[in-house]
Amino acid sequence: MSRAFSCGNFVLRWVLSWICLLGCPALHAQNDFYDDFNRADGAVDGWTLYRGTWSLTGGKLLSGGGVEAWLWAGETPIGLAGDFDLSIGIDFPSTPGDGVGRHGGVMFFAGTPSERTGNTGYELDWIDRASDHGFRLIRYDGEMTTILVSGTPGIAEPPLLWTVTIEGDRIIVQGDGATVIDVVDGTYREGYFGLWSYSNSQILFDDVEISSGPPGIRACFEATPRTGEAPLVVGFD
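Quick caveat: nothing in here was measured; it's all calculated off a predicted structure. (Residues numbered from 1 in each chain as written. Predicted model: local features only at pLDDT ≥ 70, side-chain atom pairs only at ≥ 80, totals over all residues. Heavy atoms only, no water.)

## Here we look at the pairing of strand β5 (residues 60-63)
Within a regular strand, side chains alternate between the sheet's two faces. The following threshold applies: Strands were regarded as paired on the criterion that DSSP finds at least two bridges between them. Every helix listed is a DSSP run of H or I at least four residues long, and every strand listed is a run of E at least two residues long, numbered separately from the N terminus.
Bridge count between strand β4 (residues 54-57) and β5: 4 bridges; the pairing is antiparallel. Looking at the pairing, Trp54 lines up with Ser63 of β5. Taking the residues between adjacent antiparallel strands as the criterion, β4 and β5 are bridged by 2 residues, where Gly58 takes a positive phi near 60°.

## Remarks on unusual backbone geometry
For Phe109, which is not glycine, the phi dihedral falls at a positive 55°. Along the chain, the position of Phe109 falls in strand β9 (residues 103-110). Even without a glycine there, the phi angle at Asp176 is positive, about 50°. Checked against the element boundaries, Asp176 lands in the loop between β14 (170-175) and β15 (178-184).

## Section: the pairing of β14
Pairing analysis gives 6 bridges linking strand β13 (residues 161-167) to β14, with the strands arranged antiparallel. Counterpart to Trp162 in the pairing with β14 is Gly175. Hairpin connection between β13 and β14: a loop of 2 residues separates the two successive antiparallel strands, and Gly168 in this loop has a positive phi of roughly 60°. One ladder, built from 6 bridges, connects β14 with β15; its direction is antiparallel.

## Focus on the packing of aromatic side chains
Defined as follows: By convention, a stacked pair of Phe, Tyr or Trp rings (six-membered ring in the case of Trp) has centres within 6.5 Å and planes under 30 degrees apart, an edge-to-face pair has planes over 60 apart, and any other such pair is tilted. Exposure categories follow from relative accessible area, calculated using a 1.4 Å probe and restricted to protein chains: below 20% of the type maximum is buried, above 50% is exposed, and the middle band is partly exposed.
In this structure the tally under the stated criterion is 13 aromatic pairs. Centroid distance Phe108 to Tyr122: 5.5 Å. Interplanar angle 25°. Geometry classified as stacked. In this pair, Phe108 sits in strand β9 while Tyr122 sits in strand β10 (residues 120-127), placing the two residues 14 residues apart along the sequence. Owing to a relative accessible area of 0%, Phe108 belongs among the buried residues under this scheme. An aromatic cluster is defined as three or more aromatic residues linked by ring pairs; in this entry it consists of Phe84, Phe108, Phe109, Tyr122 and Tyr188.

Structure representation (structure tokens):
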């Protein structure tokens, strides 16, 4: 629905500012990255391939099996820095019959858009293996690794919605709305974001959203034109 107003620029901006203050919810000031994969089946766009077979199917992103597959957000890999919120849908369509089982996840603040081996940053995954079943959070420091969380045995099945919140030195992970990891580690706060699946697994990823910055207020509509001589007729939706 569109409305047109004729007024001076100053009055217009004052009115629109108060409309937004009264009628718009607090939102993150910037969405760094978002992909819902709702486009034609086939090759993946908007991401950088490192290894493996990846495709769009049924409005989701599918990782192929056979090799450890890696894909990084952005046509040119995007960099994250500081606090952020990540939300992502992750579904394992089948369970391998080996000792590892379903395995894969995400990596953030990676030093290079490659793979976990020899990299730096944090890797969050799900694994069915009995010895460390559930969510794992591992910090990669080049040739060395530090296991921050080695499994969540109380969680039998992988949640469909994963969220990661970075707040200062804290890393908070939720699965389907329940907190599963809350640790303090501030070693890395800059780097790339990627998805991965183990060589035995296929994963369906959906609705990847990364947002950063403090909560703020932004317009709920777009006003056009934004400038001009008074009286200025403006339409907004």
